[in-house]
Amino acid sequence: MLSVRLQKTLTGLCLVGLIALFFPVNATAALVFSASPRSDLGNNDKALQSLVSYLEEVLGEPVVFDRPENWQDYTRKMRGGKYDTVFDAPHFSSWRIKNIDHEPVVRVPGTLGYKLVVNRISEGLNSISDLARVQICAPQSPDLSTMTVYSMFTNPVYMPQIKEIKGDSKALYAALRKGECGAAVISNDEYTRIVPSEKREVKVVAESDPVPAYTITISPRLLGKKMLMTLMLVSAQGVRAAADVMMSLGKRDQSLIPVDKRDYQDLDQLLSDVILGW
């Protein structure tokens, strides 16, 4: 027969096994990386996955790429704090800094700025108030360019009529030239790429102030590794890991750069001043 002590030991081991079976201890959850669903960023899975793999090496933790289905999916998860690392436009970065304690780490060099352009043959379209009576080709809200358009209309009597166009600034410009809308919002970079002969066929009605380019922020879960991430993302290895992403953003052979948190102050108002609930 088993001794009383051995019986108690076996009973205890059985209880431990049952507890482990029915109440398993969760391993540390993987870090979640995401990017806004823009055609030049969020849809470039291969390029972003290279960056995610590098972050796994740097952080020594598993990192998964959560590819948002659409803007609604993205903003719901972002506002709910589901993402640990996010790569997107500065108005979102500013909102996270202000509302869910994210910290900016690095960003794409340069700035983002937009112009509202019309076909020069269009008569009577010379100011923002004039554009209230025509459709403006723009991406789906809350893309930065579209929110910038809304911010230009400071008089509530005159509000823009947005015609959503899929694609980047090149697609928006093409839609304008084909007469699909009376005006279009295009990036400063796209405007500089228009050949001089064609540029004479369009007119700039308004342009925005420049803001920081696409930015990577981190959640409070990673604040202790902010310095490490900054150093490694701007290093030679970081340049190689982000090369495809930078190319997709028109920044070939350039590296991510450190940020100044002050540059993001109040950019969240591009969201909160326009969309109810932000």
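None of these values were measured; they are calculated from a predicted model. (Residues numbered from 1 in each chain as written. Predicted model: local features only at pLDDT ≥ 70, side-chain atom pairs only at ≥ 80, totals over all residues. Heavy atoms only, no water.)

**Considerations on the overall build of the chain**
The criterion, for reference: Only DSSP runs of H or I reaching four residues or more are called helices, and only runs of E reaching two or more are called strands; each is numbered from the N terminus. For every residue, the accessible area obtained with a 1.4 Å probe (protein chains only) is divided by the maximum for its type, and the residue is called buried under 20%, exposed over 50%, and partly exposed between those limits. What makes two residues a contact is simply this: any of their non-hydrogen atoms within 4.5 Å. Exposure was quantified through the Shrake-Rupley algorithm and a 1.4 Å probe, taking into account, for residues, occlusion by the shown protein chains and nothing else.
When helices and strands are tallied, the chain shows 13 helices and 13 strands. The buried share of the chain, reckoned over its 278 residues, is 47%. Considering only intrachain contacts with a sequence separation of at least 6, the fraction spanning at least 24 residues in the chain is 75%. When the accessible surface of the chain is totalled, it reaches about 14,500 Å², and 53% of it is carbon and sulfur.

**Focus: the sheet that holds strand β7 (residues 135-138)**
Going by this rule: Between any two strands, at least two bridges found by DSSP are needed for them to pair. Each axis is a line fitted through C-alpha atoms, taken for helices only over the stretch in contact, and angles between the N-to-C directions span 0 to 180 degrees.
Pairing is mixed in the open sheet, where five strands are placed in the order β8-β7-β9-β6-β10. The two strands at the open ends of the sheet, each matched to only one other strand, are β8 (161-164) and β10 (202-207). In this sheet, adjacent strand axes meet at a mean angle of 35° when their direction is disregarded. Here strand β6 (residues 114-119) pairs with β10 via five bridges, running antiparallel. For V117, the partnering residue across the bridge sits in β10 and is V204. Contacts between helix α6 (residues 144-152) and the sheet are confined to β6, β7, β8, β9 (183-187) and β10, with β6 contributing the most and set at about 75° to the helix. Its contacts with the sheet place helix α7 (residues 169-177) against β6, β7, β9 and β10, and it is angled at close to 155° to β9.

**Side note on α7**
Note the following rule: To be clear, the arc concerns the directions from the helix axis to the C-beta atoms. As used in this structure description, the phrase polar contact means that two N or O atoms lie within 3.5 Å; if the pair is within protein, one of them must be able to donate a hydrogen and the other to accept it, and residues adjacent in sequence are counted only when both atoms belong to side chains.
The set of residues buried in α7 consists of S169, L172, Y173, A175 and L176. Projected down its long axis, α7 carries its buried residues within an arc of 160°, all on one side. Structurally, the start of α7 carries an N-cap: the backbone nitrogen of K170 is 3.2 Å from a side-chain oxygen of D168. Phi for G179, located one or two positions after α7, is positive at around 80°.

**Things to note about the nonpolar core**
Note the following rule: Buried Ala, Val, Leu, Ile, Met, Phe, Trp, Tyr and Cys residues form a nonpolar core when they are joined through side-chain atoms within 4.5 Å.
Grouped together as the largest cluster of nonpolar side chains are 78 residues, with contacts concentrated most on F33, F87, L116, L131, L233 and L256. Sort the elements by how many residues they give to this core and helix α2 (residues 45-59) lands first, with eight residues. For L233, the contacting residues outside a window of four places in its chain are L51, Y54, L55, V105, V106, I216, G238, V239 and L256.

**Description of the side chain of R107**
Spelled out, the test is: Neither His nor the chain ends contribute to the count of charged residues, in which Lys and Arg are positive and Asp and Glu negative. Criterion for a salt bridge: a side-chain nitrogen of Lys or Arg within 4 Å of a carboxyl oxygen of Asp or Glu.
Looking at the secondary structure, you find R107 in strand β4 (residues 103-107). For the buried residue R107, which engages in no salt bridge, the nearest side chain bearing the opposite charge is D263, 5.1 Å off. Here G110 takes part through its backbone oxygen, which lies 2.6 Å from a polar atom of the side chain of R107.

**Observations regarding the state of the cysteines**
So the rule is basically this: The disulfide criterion is simple: two cysteine sulfur atoms within 2.5 Å.
Overall, the coordinates contain one disulfide when judged by the stated rule. The disulfide bridge from C137 ends at C181, spanning 2.0 Å between sulfur atoms. Since a negative S-S torsion denotes a left-handed disulfide, the C137-C181 link at about -115° is left-handed. Taken as a pair, C137 in strand β7 and C181 in the loop between α7 and β9 lie far apart in primary sequence, 44 residues in all. As far as burial versus exposure is concerned, C137 and C181 are alike and both buried.

**Description of the pairing of β7**
Cut-off, in case you're wondering: Crossover handedness is defined by viewing with both strands directed away from the observer: a clockwise path from the first strand over the helix to the second marks the crossover as right-handed.
Summarising the sheet, β7 and β8 pair through four bridges and their orientation is parallel. Bridge pairing in β8 links C137 to K163. Running through α6, the crossover from β7 to the neighbouring parallel element β8 is right-handed.

**Focus: the pairing of strand β1 (residues 31-35)**
Side chains on a regular strand alternate between the two faces of the sheet. Among the five residues that make up β1, five are buried, leaving the element largely enclosed by the rest of the structure. Side chains of β1 alternate between two faces, with L31, F33 and A35 and V32 and S34 buried alike. As defined by bridge partners, β1 adjoins strand β2 (residues 63-65) across three bridges and the pair is classed as parallel. Bridged to L31 within β2 is V63. When β1 meets strand β3 (residues 85-88), the two strands line up parallel, connected through three bridges. Paired with S34 across the strands is V86, a residue of β3.

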